[in-house]
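# Notes for the structure review
Take a look at the letters that make up each chain.
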Amino acid sequence: MNEPVATLPAPMPEINPETKPFWEACAQGRLLLKRCEECGELHYYPRAICPFCMSAATTWFESKGQGSIYTFTITRRAGGDYARATPFVLAYVTLDEGPTMLTNIVTNNPEALAIGQRVAVVFHAAGEGAALPRFAPA
Amino acid sequence: MSIRGKAYIVGAYEHPLRVAPHHSLAQLHAEVAKGALADAGLSKNDVDAYFSAGDAPGMGVISMADYMGLKLSWMDSTETGGSSYVTHVGHAAAAIATGKCHVALITLAGRPRAEGMQTGTGVRPYFLSAPETGFENVFGITVVGMYAMAARRHMHEYGTTSAQLAAIKVTAAAHAMHNPNAMVRKLLTVEDVLASPLVSDPLHLMDCCVISDGGGALVVVSEAVKKSLRREGVKILGHGEAPKHLMGGRVDLTYTGARFSGPRAFAEARVTPQDIDYASIYDSFTITVLETIEDLGFCPRGQGGPFVAEGNLRAPHGKLPWNTDGGGLCNNHPANRGGMTKVIEAVRQVRGEAHPAVQVKDCQLALAHGTGGSIGTRMGSATVILGKENA
């Protein structure tokens with residue numbers, strides 16, 4: 001069953017000095033991840049300090065923005081800006097580089113989504129210097 | 001060094017109100033404190049340690065110590081969401097075991113229902129300005145939505161079904177029929193649960209806990225103090241706690257922090273899951289119960305669905321009589337935090353004071369488990385094991 005999909009809101013994220021480069025890159029259409037130069041592990045959400053070894057030698061690199069759905073839900077009740085956007089899809093996507101990230105799936109047919117389905121990043125402008133990384137079926 | 005047998009719960013009180021528009025928050029905390037102290041046969045002036053969490057108003061422990069006029073030598077405001085009060089029981093026992101205090105008071109209270117909160121719409125205020133906030137709130141997260149994603153992944157990996165999850169609610173409703181204060185007092189069927197509206201699929205409205213006002217309190221004391229009281233003490237045998245989170249992006253939503261807190265509690269108590277006569281298990285949502293049962297070792301991993309559908313949670317004769325007050329799913333989830341009421345019903349069971357229809361015969365050992373935060377992101381988990389005085 002296809003349900004009408006409202007336009008997803010794109011609220012301005014809470015940005016701090018540690019995460020500013022991530023959001024600026026999103027505004028330019030690039031998804032950044034962090035890699036630890038000491039232990040070699042990748043992580044998400046991005047931090048200045050590696051959550052695996054506590055090294056401060058973390059560096060940004062660009063993800064290819066492709067992955068698969070780890071899990072998802074069709075949200076039919078929500079609050080705030082999203083109250084008028086239901087039903088919408090909240091999901092975790094596992095990027096091909098490894099880390100899994102919380103996001104939305106942009107689709108006109110949420111009932112057809114499945115765990116494991118391939119998706120690719122899209123960016124929705126969220127005001128000055130930021131865009132939200134969401135995913136659409138690839 | 002262990003807390004095993006060093007402290008006893010001697011007072012427990014659950015506020016009878018489920019909607020409290022005419023109370024202040026501080027007043028509710030003080031009313032439950034008064035109730036638990038009266039249950040113990042102690043007075044306010046006996047209290048030398050006080051524990052409260054993020055639901056307490058103002059500066060928490062300090063504001064409530066001022067309101068109630070407490071003189072204290074030990075304060076603990078450990079905040080791990082709904083599991084806080086289970087954690088507090090362990091911390092109180094540890095403080096008593098090391099001689100830092102003798103009479104510990106723990107309170108919880110809240111009035112989300114009076115304030116108009118509705119299922120499925122909440123983003124909790126304490127999620128603001130957390131390091132993860134920018135990466136989560138912008139996507140329209142809801143409490144139910146995050147648990148729903150855990151449920152869907154569990155279904156994907158293990159074949160768990162919505163009907164199996166519904167069986168948990170059906171059991172809670174059957175138990176709540178015996179609790180005159182319960183919010184849901186209606187026998188439900190699996191079909192009723194599946195016919196309730198989807199809030200965030202696969203979770204239906206009836207997969208969710210109630211929203212209620214009220215609260216509860218506990219009094220934990222040393223053996224010396226316990227001996228001076230008429231009330232039989234409920235012995236604290238073991239405690240474990242742990243956070244579980246997203247591990248820098250290595251996300252696995254099919255288990256909870258109970259996988260870490262449970263074994264610690266069992267080891268300290270020197271018992272196994274098979275020894276437990278009654279379990280209070282956190283039930284913010286049906287999926288919370290299902291995953292926790294597996295994590296605590298009451299059934300093999302991935303077998304929670306068949307375990308609950310076979311009626312094993314039903315009191316008094318099921319394999320694992322559970323949440324005999326109706327739990328958060330049907331009785332009470334004050335302040336959106338279910339840890340306190342989990343401990344209170346476990347105390348009732350060990351004392352033999354649960355409703356006769358659901359009282360486990362000769363209940364020697366009870367477990368209470370709390371989950372605070374979200375199994376869809378990060379949580380604080382806490383397990384305590386309680387027993388009769390001679391356990």
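Each chain has its residues counted from 1, running along the sequence as written. Naming scheme: in the order in which they are written, chains are lettered from A and ligands are numbered from 1. Totals for whole chains, interfaces and linings use all residues, but because this is a predicted model, local features are given only for residues with pLDDT of at least 70 and pairs of side-chain atoms are given and counted only at 80 or more. Hydrogens and water are ignored here; the side-chain numbers use all heavy atoms of the structure.

Residue and element names in this part refer to chain B. An automatic or database domain assignment supplies the start and end points of every domain. Partitioning chain B into structural domains gives domain 1 (7-114 + 213-237) and domain 2 (143-210 + 238-387). Using C-alpha coordinates to define each centre, domain 1 is positioned 23 Å away from domain 2. Only heavy atoms matter for contacts: two residues are in contact if any of them lie within 4.5 Å across the pair. Taken together, the contact between domain 1 and domain 2 spans 45 residues of the former and 40 residues of the latter. Buried surface area refers to the total accessible area, computed with a probe of radius 1.4 Å, that the two partners give up upon joining, counted for both partners together. Taken over both partners, the interface formed by domain 1 and domain 2 buries close to 3000 Å², and the fraction arising from carbon and sulfur atoms is 62%. The salt bridge criterion pairs a side-chain nitrogen of Lys or Arg with a carboxyl oxygen of Asp or Glu, the two atoms within 4 Å. The interface formed by domain 1 and domain 2 contains five salt bridges. Among the ionic pairs, D39 bridges to R351, the shortest N-O distance being 2.9 Å. As used in this structure description, the phrase polar contact means that two N or O atoms lie within 3.5 Å; if the pair is within protein, one of them must be able to donate a hydrogen and the other to accept it, and residues adjacent in sequence are counted only when both atoms belong to side chains. The tally of links between domain 1 and domain 2 comes to 17 residue pairs in polar contact (both at pLDDT 80 or more). Numbering of helices and strands runs from the N terminus; a helix is a DSSP stretch of H or I covering at least four residues, while a strand is a stretch of E covering at least two. Looking at the side of domain 1 that touches domain 2, the elements with two or more residues in it are β1 (7-14), α3 (84-97), β4 (103-110), β7 (214-222) and β8 (234-244). Here the side of domain 1 that touches domain 2 takes seven residues from α3, the largest share from any one element. Here the term charged refers only to Asp, Glu, Lys and Arg, the term nonpolar to Ala, Val, Leu, Ile, Met, Phe, Trp, Tyr, Cys and Pro, and the term polar to all other amino acids, Gly among them. Here the side of domain 1 that touches domain 2 is built from residues that sort into 18 nonpolar, 17 polar and 10 charged.

Residue and element names in this part refer to chain A. Two strands are counted as paired when DSSP detects at least two bridges linking them. One open sheet holds the three strands; their spatial order is β2-β1-β3, and the pairing between them is antiparallel. Looking at the sheet topology across the chains shown, the edges are occupied by β2 (42-43) and β3 (58-62). Direction of pairing for strand β1 (residues 32-36) relative to β2: antiparallel, over a ladder of two bridges. Its bridge partner lying in β2, R35 is registered against L42.

Our focus in this paragraph is α3(B). Under the convention used throughout, the expected extent of a helix is 1.5 Å for every residue step, that is, one less than its residue count. Spanning 14 residues, α3(B) covers 20 Å between terminal C-alpha atoms, matching the ideal 20 Å at 1.5 Å per step. Buried, partly exposed and exposed residues are distinguished by accessible area as a fraction of the type maximum, computed with a 1.4 Å probe on protein chains only: under 20%, between the cut-offs, and over 50%, respectively. Those residues of α3(B) lying buried are S84(B), Y85(B), V86(B), T87(B), H88(B), V89(B), G90(B), H91(B), A92(B), A93(B), A95(B) and I96(B).

Attention shifts here to the pattern of salt bridges. Tallied over the entire structure, the rule returns 23 salt bridges over all chains. R118(A) is the salt-bridge partner of D96(A), the closest N and O atoms lying 2.9 Å from each other. With D96(A) in the loop between β5 (88-95) and β6 (100-105) and R118(A) in strand β7 (residues 118-125), this pair connects stretches of sequence that are 22 residues apart. Using a relative accessible area of 46% as the deciding quantity, one classes D96(A) as partly exposed. Classification of R118(A) by relative accessible area gives partly exposed; the value is 38%. The shortest N-O distance in the salt bridge between R378(B) and E136(B) comes to 2.6 Å. Of this pair, R378(B) sits in the loop between β10 (365-373) and β11 (379-387) while E136(B) sits in the loop between β4 and α4 (143-158); the two residues are 242 residues apart in sequence, bridging distant segments of the chain. E136(B) sits in the buried class, given a relative accessible area of 8%.

How sure the predictor is of each residue is captured by pLDDT, a score from 0 to 100. Per-chain confidence: chain A averages 94 in pLDDT, with 96% of residues scoring 70 or above. For residues 1-5 of chain A, every residue scores under 50 in pLDDT, and the model assigns this stretch 13 contacts once sequence neighbours within four places are set aside.

Attention now moves to the nonpolar core. All names here are of chain B. The nonpolar core is taken to be a set of buried Ala, Val, Leu, Ile, Met, Phe, Trp, Tyr and Cys residues, with the residues joined through side-chain atoms within 4.5 Å. Ranked by size, the top nonpolar core spans 87 residues in total, and within it I276, I281, F298 and I385 carry the most contacts. Looking at this core, the element that brings in the most residues is α4, giving nine residues. If near-sequence neighbours (up to four positions away) are discounted, F298 is found in contact with F266, P273, I276, A279, I281, I293, F307, L320 and L367.

On to the packing of aromatic side chains. Only rings of Phe, Tyr and Trp enter the pairing, Trp through its six-membered ring, and a pair is recorded when the two centres are within 6.5 Å. The plane angle decides the type: under 30 degrees is stacked, over 60 is edge-to-face, the rest tilted. Per the counting criterion, the structure on display carries 10 aromatic pairs over all chains. Look at F266(B) and F298(B): their rings are 6.4 Å apart centre to centre, the planes differ by 75°, and that puts the pair in the edge-to-face class. Highlighted residues: F266(B) in helix α8 (residues 258-269) and F298(B) in the loop between α9 (286-295) and α10 (304-309), separated in sequence by 32 residues. By the burial criterion, F266(B) is buried, and F298(B) matches it. Ring-over charges, as used throughout, are those where CZ of Arg or NZ of Lys falls within 6 Å of the ring centre and within 35 degrees of the ring normal. Taking the ring centre of F61(A) as reference, the NZ or CZ of R35(A) above it sits at 4.1 Å. The cationic tip of R47(A) hangs over the ring face of Y45(A); the distance from NZ or CZ to the ring centre is 3.9 Å.

Defined simply, a disulfide is a covalent bond joining two cysteines at their sulfur atoms. Two cysteine sulfurs form a disulfide in these notes if their separation is within 2.5 Å. Counting across every chain of the model gives zero disulfides over all chains. Cysteine C36(A) is unpaired, with the sulfur of C53(A) as its nearest cysteine sulfur at 3.6 Å.

Turning next to the pairing of β1(B). All names here are of chain B. In terms of residue burial, β1 counts as a mostly covered element, since seven of its eight residues are buried. With seven bridges joining them, β1 and β7 adopt antiparallel strand pairing. Bridge pairing in β7 places E14 opposite G216. Here β1 runs beside β8; their pairing, made up of two bridges, is antiparallel. In the sheet register, Y8 faces β8, and the bridge partner there is K235.

Facing 41 residues of chain A, the contacting portion of chain B comprises 41 residues. Summing both partners gives a buried area of about 3300 Å² for chain A against chain B, and 61% of it is carried by carbon and sulfur. One can count one salt bridge joining chain A with chain B. Between R250(B) and E41(A) there is a salt bridge, with its nearest N and O atoms 2.7 Å apart. Linking chain A to chain B there are 19 residue pairs in polar contact (both at pLDDT 80 or more). At the level of secondary structure, the elements contributing two or more residues to the side of chain A that touches chain B comprise α1 (20-27), β2, β4 (66-75), β5, β6 and β8 (131-137) of chain A.

Right, let's talk about the sheet that holds β11(B) for a bit. All names here are of chain B. Spatial ordering of the open sheet is given by β3-β2-β4-β7-β1-β8-β11-β10-β9, a layout of nine strands whose pairing is mixed. Every other strand in the sheet has two partners, leaving β3 (74-76) and β9 (278-281) as the edge strands with one partner each. With strand direction ignored, the average angle separating the axes of adjacent strands in the sheet is 20°. As paired strands, β4 and β7 are joined by eight bridges and run antiparallel to one another. Note on β7: the bridge partner recorded for L105 is V219. Axes here refer to lines fitted to C-alpha atoms; in helices the fit is confined to the stretch in contact. Angles between the N-to-C directions go from 0 to 180 degrees.

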